[in-house]
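Report on the structure
Chain by chain, the residues:
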Amino acid sequence: MQITVTVNGTEYTRDVEPRLLLIHFLRDELGLTGSHWGCDTSNCGACVVWLDRTPVKSCTALAAMASGREVATVEGLEKDGQLDPVQQGFVACHGLQCGFCTPGMMMTARWLLDHNPDPSEQEVREAISGQICRCTGYENIVRAVRWASEHGAAEHREPAQHVEAEVTA
Amino acid sequence: MQVPTHVEYERASSVDEALEMLSRAGGEARPLAGGHSLIPMMKLRLAQPELLVDISGLTELSYINVADAELRVGALTRHAQLLDSAVAGERLPIVHDAERVIADPIVRNWGTIGGSLCQADPSEDLSAVLAALRATAVIRGAGGVRTVPAREFHAGPYETVVEPGELLVELRIPLTANTGSAYEKVERRVGDWSVAAAGAVLTLAGELIEDAGIGLTAVGAPHFCAPEAEEFLRGRRAGEEAFTTAGQIAAEHSNPVADQRGPEDYKRHLAAELTTRALRKAFERA
Amino acid sequence: MTATEEHAAPIGFGRMERKEDVRFIRGHGTYVDDVRLPGMLYGAVLRSPYAHARIASIDTGAAEAHPKVRAVITGATLDTLNLAWMPTLSYDTQAVLATDKVRFQGQEVAFVVAEDRYSARDALELIDVTYEPLPAVIDARHALDPGAPVIRDDKEGKTDNHIFDWESGDAAKTDEIFANAEVTVAEDVLYPRVHPAPLETCGAVADFDKITGKLTVWETTQAPHAHRTLIAMVAGLPEQKIRVISPDIGGGFGGKVGIYPGYVCAIVGSIVTGKPVKWVEDRSENLMSTAFARDYHMRGEVAATRDGKILAIRVNVLADHGAFNATAQPTNYPAGFFSVFTGSYDLTAAHCKVTGVYTNKAPGGVAYACSFRITEAAYLVERMVDVLAHELRADPAELRMRNLLRPEQFPYASKTGWEYDSGDYPRTLRLAMDIAGYEELRKEQEAERARGHLMGIGVSFFTEAVGAGPRKHMDILGLGMADGAELRIHPTGKGVLRISVQSQGQGHETTFAQIVAEELGIPPADIEVVHGDTDQTPFGLGTYGSRSTPVSGAATAVVARKVRERARIVAAAMLEVDAADLDWEKGRWFVRGDPDQGKTMTEIALAAHSTVELPDGVEGQLDATCVYNPPNLTYPYGAYICVVDVDPGTGKVSVRRFVAVDDCGVRINPMIVDGQIHGGLADGVGMALMEVISFDPDGNCLGGSFMDYLLPTALECPSWELGATVTPSPHHPIGAKGVGESATVGSPAAVVNAVIDALAPYGVRHADMPLTPAQVWRAIQGRPFRTDLAIS
């Protein structure tokens, strides 16, 4: 089937099998390998992206479901060469080690800060409680999100997306 | 990575169209709402429908409102929306208690109320909540609309009374005065299915219990409820003694099965303990 | 302001943001599953549904007929290449694809190569295998029963499930002390089977070029060089034609040390099809077939005086190694470094005996940040000290303080043959107690108990032995445990460091550049660290057992010092003085007594490549190489205190606080050290409270997905409270000891001790991990269950 999905502001049209999972569409069809998969059972959250501006575990969504919708991934966090405060916070606070959970964590963090610009430690912990990190013991992820909150995350809210059609071969 | 087997996909633009698509495909079609129950089953190849009818865009089934002393919740309402609902939180704290402990925030973003209920997992939380609340399920098919009490919604583990070609479209929860409610769950870890959980709804007349609803999940309680314990409470003075005994009665009528979440005796103990705790909290809130 | 501007990078040791982060935060890491090659095919493994069964037949016809399938490989196919079996890291053999029998649920049976992932997965269902189920050995305690099914009947003459007996210490002296001791305690302690479960599963992309004969393999491996050699040995390929690349790795924790059948299948698949083949396991495959950890059934005994002086410890272990003995540890140590079980205490004698057995479970055993079984050892001794405290009604912290080694006893020769390098244990424990407010906590606990609340305080003190070799005593399959480093300084004074170890998240690209910076005064940003590619780096044994800093970090310091000495010669030539008359300050050689006369490393680097005339016999340039063979292990240690609350009605445990004071010697980058500790503490919470892989009587794995194998989330973890003491290792060039596994080793005991302490009003002395709500409630009832078996 043919689907058209807007990813990080760019529209992509592809022929896919209806059963194709959204995570594989992003990684294998579009080459956006920043989002990972880790568990198959929607427990780990390595695959979290935004679908219509809401975080979703993209291993548990079909690419077909995203047709006509907007997807945002880690590759879209940096805007015009400017890192998002969430990205800066993860660096400043050592919020990542192996980096595998990081894209999903940052997408959730960005969403949290959009809805709650000044989250408490407990609110951050709750927000990421559907995501597993095996390296950091979460401490520095929580600090990274708090850092972003204190360093202008609120001013970096996702602007309305400008959609451009992608020319496919 | 686990992937589903071949499947066809159609997107419905209205409930009528969805019903038409579903009935055309017979029993081999499954409605796809948030996908958070169905897609994992498909990845394990435990579910192999021939056709998915994507109903996730049917905004007409996504609502929370109050009418005729009932809270009406569209089947496509997402868990996160129900958790955000002020009216649900105020009038039905049991719903918010449960929603806070269903899966995790990301799954709650996409998983729908209807999808969870239709999955009919014997450890599912809302099944117990709606049983305690004596809610009603509204089911639509080609032949029209029918209503089924929540306590008759499940035909068995992973089975409901929703027939092929039908859709669960709404849940109606009675809003009663002088009523408090609560949900108590034990899980091995945040996001896990219940080891056991109990919901309680108490309607008081002065110091007496006018009516009680008790829902239980993961302990093999028939229809997710504890009618013997409810019967015991009705007309009795609210208090620790009644709540403790009600818990014991609920446990006696449970049929938990040992699994890696715990042995049978522990789950039975939890049925009592959590029923008592939920009653206690429901009473405080009434 | 950017993140980077906030913290200026030190030239040398100190807190510094990580260099590798720039790619990870943009989603530009390259993990194995991100590798995409032209014409690449995808592999999938068919696995056994049975724990023990004879294979009657395998029919691959329907799978081969699938339009997108390019090859179906079975054990029979591999047999023709002499590849159906491969050697394990413990001198045993392991089936790559089963030929005769399957021996655990999830064992590899066939390999499909197809044009895409989904087709490969589909084709698995088209393979028809006829199994004849056999009785399985699931309970390790019955593996040696007479008449138990013989799992390894592939081994000639094998009539039982026994693998090895191994012992350490002085049995006679230990027995004598026990016979005369005022107090003895004993307890059966299980460290159940767990799994490292890195977030990235295992996988490989194999690309065999038929024309050049070159095999390139991207692998999720912690030991790329060892893998290259083993692939050469197993596949009979010339080693110079093999290149193993370990790209960004999504966590290892010891799960990515061994060679898995999937890697071999991907290589064979590429050779057979002539195309690159990618294989990446799913999560269930990961949990059910790759290296598990622990599974030690231990009986610990302590002999002591009535006033609490520990005299001797005696341990008997039944070690469940699964169906193939594939544990990854030095050859002479079949039980790893378990004999460090004497822990941090001054004993008169000690003895342990370990018996390894086969069961119908996945192979593995040394993984999950265990420092070669020191997790098991530390957990046992720290549990036993609390058992003794329970018996003597002593305070667990005071009892430890009384028995800890004293600073003046170092270097300390342990009763089981280890030489602890350095330490001031009482200072570290005292600091942990001060941070925790230990005495106040005990008062609070008393008050809570009076109100019927269950609050528990758990203490653990651990000593690790990490950084294997020396190579004389320690090898894996004959490969001595040493590591190489090469340092090139370019004419502009910037450098490239090539190391034999490899990062799975530890931050080597940053810390190893900091070591060079500390030694040469070149900013870390100017040192590029190359790792994880056997064609580009010197040989070495890899990253596990907390050995990167102790071994390769030492190699890096030594190679930088070699460069510094070469720079001295060049500087002397530039300054026209004798090299012996130069002194060093960070980044610069200068004339002794005339500090203005000097040359910076940048100036020297250019000169070394220029026309400056050098003394006879000096070749020019500054580059150097080094192989570091450690003279001894290093011995990091720490004191942990955990505070929990337990709900007696439900058995639910909440970790309220966790204080960790680690002494890992000199800290290269304290930020990274703290991060390593944080992660290990979460492991401890996970293992103590929720992680376990158990099996039902038929051998079905009950921990085969993240729905069943529970890992802690941010909500089960408290905000960790860290402290530090620094006691340098006297034999390490920079005094560092390694820290990667310390917290995983030390923390489970603290959590369990806290829970058991909370249950003291019920007289509970021990219950096995994981302390799930059900297990805690059962412990309160006096009936804890076995956590390695299905709950019934």
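It should be emphasised that the depicted structure is a prediction, and the values quoted were computed from it without experimental measurement. (Residues numbered from 1 in each chain as written. Chains lettered and ligands numbered in written order. Predicted model: local features only at pLDDT ≥ 70, side-chain atom pairs only at ≥ 80, totals over all residues. Heavy atoms only, no water.)

1. Examining the layout of surface pockets
Reported here for the second largest pocket is a volume of approximately 870 Å³. Taken together, 29 residues form the lining of the second largest pocket, with Glu126 and Ala127 of chain A together with Leu83, Pro105 and Arg108 of chain B sitting closest to its centre. Of all elements in the fold, only α4 (102-115) and α5 (121-127) of chain A together with α3 (79-84) and α6 (105-110) of chain B reach the threshold of two or more residues within the lining of the second largest pocket. (1 Å grid on protein atoms, 1.4 Å probe; cavity = no way out; pocket = protein on both sides within 12 Å on 5 of 7 lines; lining within 4 Å. Points joined across faces, edges and corners; volume = space filled by probe spheres on them. Helix = DSSP H or I, 4+ residues; strand = E, 2+ residues; numbered from the N terminus.)

2. A few points about empty space enclosed by the protein
All names here are of chain C. Per the stated rule, a full pass over the model turns up 13 cavities of 30 Å³ or more. Each pocket or cavity is described by its volume, and for the largest cavity that value is around 560 Å³. Those elements giving two or more residues to the lining of the largest cavity turn out to be α14 (508-520), α15 (548-575) and α17 (670-689). Here the lining of the largest cavity is composed, by residue class, of 13 nonpolar, 23 polar and six charged. The space that makes up the second largest cavity amounts to roughly 240 Å³. Lining the second largest cavity we find 21 residues, and of these Leu89, Gln94, Gly258, Ile259 and Ala326 sit closest to its centre. Sorting the residues of the lining of the second largest cavity by element identifies β4 (85-87) and α7 (224-235) as the ones contributing at least two each. A per-class count over the lining of the second largest cavity returns 14 nonpolar, seven polar and no charged. (Nonpolar A, V, L, I, M, F, W, Y, C, P; charged D, E, K, R; others polar.)

3. A few points about the interface of chain A and chain B
Each side of the interface is counted separately: chain A has 34 residues, and chain B has 31 residues. In this assembly, chain A packs against chain B so that about 2600 Å² is buried in total across both faces, 63% of it on carbon and sulfur atoms. The tally of links from chain A across to chain B stands at one salt bridge. The partner of Lys57 of chain A in a salt bridge is Asp104 of chain B, with the nearest N and O atoms 2.7 Å apart. Where chain A touches chain B, the interface holds 13 residue pairs in polar contact (both at pLDDT 80 or more). Among the secondary structure elements, those contributing two or more residues to the side of chain A that touches chain B are α1 (22-29), β3 (48-51), β4 (54-57), α2 (63-66), α4 and α5 of chain A. With four residues, β4 of chain A is the single largest residue contributor to the side of chain A that touches chain B. Grouping the amino acids of the side of chain A that touches chain B by side-chain chemistry returns 18 nonpolar, ten polar and six charged. (Contact = heavy atoms within 4.5 Å. Buried area = accessible area lost by both parts, 1.4 Å probe. Salt bridge = Lys/Arg side-chain N within 4 Å of Asp/Glu carboxyl O. Polar contact = N/O pair within 3.5 Å; in protein donor to acceptor, adjacent residues only side chain to side chain.)

4. Remarks on the interface of chain A and chain C
The interface is formed by 54 residues belonging to chain A together with 62 residues belonging to chain C. Taken over both partners, the interface formed by chain A and chain C buries close to 4700 Å², and the fraction arising from carbon and sulfur atoms is 54%. Broken down residue by residue, the surface that chain A buries against chain C is led by Val91, His94 and Arg134 of chain A, which jointly contribute 17%. Where chain A meets chain C, there are six salt bridges. Mapped onto the side of chain A that touches chain C, the elements with two or more residues apiece are α1, α3 (85-92), α5 and α6 (139-150) of chain A. Per-element tally for the side of chain A that touches chain C: the top contributor is α3 of chain A, with five residues.

5. Observations concerning the sheet that holds strand β12 (residues 194-205) of chain B
Residues and elements named next belong to chain B. The strand order across the open sheet built from three strands is β11-β12-β13, with neighbouring strands paired in antiparallel fashion. For this open sheet the edge positions go to β11 (179-187) and β13 (208-217), each flanked by a neighbour on one side alone. The sheet shows a mean angle of 15° between the axes of neighbouring strands, direction not considered. (Pairing = 2+ DSSP bridges. Axes fitted to C-alpha atoms, helices over the stretch in contact; angles between N-to-C directions.)

6. Some words on the sheet that holds strand β2 (residues 53-59) of chain C
All names here are of chain C. Taken in spatial order, the three strands line up as β6-β2-β8 in an open sheet, and their pairing is antiparallel. With one partner strand each, in any of the chains shown, β6 (101-102) and β8 (128-133) form the two edges of the open sheet. Sheet topology places β2 next to β6; two bridges connect them, and they run antiparallel. Across the sheet, Ala53 pairs through a bridge with Val102, a residue of β6.

7. Let's talk about the domain arrangement of chain B
All names here are of chain B. You can read the domains of chain B as domain 1 (8-54), domain 2 (59-174) and domain 3 (179-285). The centre of domain 1, based on its C-alpha atoms, is set 18 Å off from the matching centre of domain 2. Domain 1 puts 17 residues into the contact, and the matching count from domain 2 is 17 residues. For the pair domain 1 and domain 2, the summed buried surface comes to about 1200 Å²; carbon and sulfur atoms form 69% of the total. Contact with domain 2 buries surface across domain 1, with Val15, Leu19 and His36 losing the most and accounting together for 42% of the total. Where domain 1 meets domain 2, there are one salt bridge. In terms of residue count, helix α1 (residues 15-24) provides more of the side of domain 1 that touches domain 2 than any other element does, six residues in total. By residue class, the composition of the side of domain 1 that touches domain 2 is eight nonpolar, eight polar and one charged. (Domains from an automatic or database assignment.)

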